[in-house]
Amino acid sequence: TRPLKKSTAMLYFFGLNNSGKIMAKQEIESEVTGNVWKVLKSAGDTVAEGEVIMILESMKMEIPIESPAAGTLVDVLVQPEDQVEEDQAVAVLET
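To keep things clear, this report deals only with the structure shown in the data block. (Residues numbered from 1 in each chain as written. Predicted model: local features only at pLDDT ≥ 70, side-chain atom pairs only at ≥ 80, totals over all residues. Heavy atoms only, no water.)

1. Some remarks on the overall build of the chain
Looking only at helices and strands, one finds zero helices and nine strands in the chain. Along the chain, helices and strands appear, N-terminal first, in the series β-β-β-β-β-β-β-β-β. Here the chain holds 95 residues, and 31% of them are scored as buried. A fraction of 54% describes how many contacts in the chain between residues 6 or more apart in sequence connect residues 24 or more apart. Of the roughly 5800 Å² of accessible surface on the chain, a fraction of 52% belongs to carbon and sulfur atoms. (Helix = DSSP H or I, 4+ residues; strand = E, 2+ residues; numbered from the N terminus. Buried < 20%, exposed > 50% of the residue type's maximum accessible area, 1.4 Å probe, protein only. Contact = heavy atoms within 4.5 Å. Areas by Shrake-Rupley, 256 points an atom, 1.4 Å probe, with all protein chains shown as cover.)

2. A look at the pairing of strand β7 (residues 71-76)
In the sheet, strand β4 (residues 46-47) pairs with β7 via two bridges, with the strands oriented antiparallel. Pairing of Val47 across the sheet is with Gly71, part of β7. (Pairing = 2+ DSSP bridges.)

3. Topic: the sheet that holds strand β3 (residues 34-39)
As summarised here, the arrangement of the four strands in space is β6-β5-β3-β8, forming an open sheet in which the pairing is antiparallel. Of all strands in the sheet, those with a lone pairing partner are β6 (61-66) and β8 (83-84), marking the two edges. Two strands pair when backbone bridges link them, and strand β5 (residues 52-58) and β6 are joined in this way by six bridges, in the antiparallel orientation. Its bridge partner being in β6, Met54 is matched across the sheet by Ile65.

4. Quick look at unusual backbone geometry
Phi at Glu81 takes a positive value of approximately 80 degrees, unusual for a residue other than glycine. Mapped onto the secondary structure, Glu81 falls in the loop between β7 and β8. Glu81 gets classed as exposed once you look at its relative accessible area, which sits at 73%. The backbone of Asp87 shows a phi angle near 70 degrees, a positive value even though the residue is not glycine. Tracing the sequence through the fold places Asp87 in the loop between β8 and β9 (89-94).

As structure tokens, then:
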């Protein structure tokens, strides 16, 4: 078996917020094919780096999906019982 990789995020947008700080939006991706078991955070929630935002179930194992950075969840793209593929975007984070 291969070791699980940490959840990944694809950076796809740069911009400035109202105070002139650089902001980036990232897609948080699933690391495995499986089913969404539990969604712990919602759009608009502030998250810390490493905070678990959802849990997948794959081959009877629980796989946490963690935030790759501190920021605000802009969108959660899946819901419980959805099937996801490896590297599929499951949420959007603004940092």
